[in-house]
Amino acid sequence: MDGRVAERLRGALGPLGFEVHALKVGWYNAVLQPAFHLPYPDDTLAFVVLSTPSMFDKALKPFVNKERLKIIKDPVDQCVSHHLSLLKEKFPDQKVDIIFDYEILPSRKPKFLAQTAAHVAGAAYYYQRKDVKLDPWGKKIYGVCIHPKYGGWFAIRGLLLFPDIQVPFLEQSAPVDCVSTEEKRIELLEQFNFHWQDDRYRDIIEVKERYSEEQKAYFATPPAERFRLLGLTRAQRSTFH
């Protein structure tokens, strides 16, 4: 069952520049404090959804051109929401729950920890300070996921859950440890924490594909000004407020 679901998801999302990776809820809950647990049985089938560099041209720009009068919030979030919500039509006989990366609980905690989900699904390795033996920092250090093909040039967009599909025999794949030396891990975490704006951390490994110059410019622009880059005016944006 999980293979057929994965095939259908990849068929729908792959041409739009997304990747999906299967996991069991229990893998995710096992590595987190109870406050972050997902309220599903351990064997529940889920998929973490990533956007790859090609999503910008394959999904975002066509979406903006088609839906420009309906875009009233972040265009990327709205584009992802649109395409993931359409997936429910592909599974008319299944319940599909969707959690987006930007959703938060009333407590202000995120609804799911995206990087942890990507790691346990084998999609991207989540490098944290505990992965460094001789910790050189005396302050808080945030971790970051690195994809074996795209390095840091990708994003985790959401989690798809299939509450009625239990997969007790699903085998877990470990993420590729592509930043394997102590030296490189320190370099990665320092670049991500202290110099993230220059994007060097994204190229910590040799990547197969990265964001285009247009896409880099888009994400480097403050959110309020991104509409202009996509050819959207403030008037269009506020039409449906």
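Just above sits the structure.
Residues numbered from 1 in each chain as written. Predicted model: local features only at pLDDT ≥ 70, side-chain atom pairs only at ≥ 80, totals over all residues. Heavy atoms only, no water.

**A short note on the sheet that holds strand β6 (residues 155-166)**
Then step 1. The strand order across the open sheet formed by four strands is β1-β2-β6-β3, and the pairing between neighbours is antiparallel. If you trace the sheet from one side to the other, it starts and ends with β1 (18-24) and β3 (97-100), each paired once. Here the average twist between neighbouring strands, direction ignored, is 20 degrees.
Then step 2. Bridge count for strand β2 (residues 44-51) against β6 is eight bridges, and the pairing is antiparallel. Of the residues in β6, the one forming a bridge with A46 is L161. (Pairing = 2+ DSSP bridges. Helix = DSSP H or I, 4+ residues; strand = E, 2+ residues; numbered from the N terminus. Axes fitted to C-alpha atoms, helices over the stretch in contact; angles between N-to-C directions.)

**A word on the packing of helix α3 (residues 55-67) against helix α7 (residues 213-220)**
Describing two packed helices takes the angle between their axes plus the distance from one axis to the other.
Then step 1. Packing of α3 against α7 leaves a shortest axis separation of 11 Å and a crossing angle of 60 degrees. Between α3 and α7, the angle falls in the class oblique. Classified by chirality, the crossing of α7 by α3 is left-handed. Residues F56, D57 and K61 of α3 lie in contact with α7, whose contacting residues are E214, Q215, Y218 and F219.
Then step 2. When grouped by side-chain class, the residues that make up the contact of α3 with α7 number three nonpolar, one polar and three charged. (Parallel < 35°, antiparallel > 145°, perpendicular 65-115°, else oblique. Left-handed = near helix turned anticlockwise from the far one by under 90°. Contact = heavy atoms within 4.5 Å. Nonpolar A, V, L, I, M, F, W, Y, C, P; charged D, E, K, R; others polar.)

**Looking at the packing of aromatic side chains**
Then step 1. Inspection of every chain in the model, using the stated rule, returns ten aromatic pairs.
Then step 2. Between F47 and F162, the ring centres sit 5.9 Å apart and the planes meet at 80 degrees, which makes this aromatic pair edge-to-face. With F47 in strand β2 and F162 in strand β6, this residue pair connects regions lying 115 residues apart in the sequence. The same class applies to F47 and to F162, which are both buried.
Then step 3. Connected via pairs of aromatic rings, a cluster forms that spans F56, W153, Y211, Y218 and F219.
Then step 4. The ring centre of F36 lies 5.9 Å from the NZ or CZ of K109, which sits over that ring. (Phe/Tyr/Trp six-rings, centres within 6.5 Å; stacked < 30°, edge-to-face > 60°. Buried < 20%, exposed > 50% of the residue type's maximum accessible area, 1.4 Å probe, protein only. Lys NZ or Arg CZ within 6 Å of the ring centre and 35° of its normal.)

**Some remarks on the pairing of β1**
Then step 1. Across the seven residues that make up β1, a large majority, six, are buried.
Then step 2. In the sheet, β1 pairs with β2 via seven bridges, with the strands oriented antiparallel. For H21, the partnering residue across the bridge sits in β2 and is V48.

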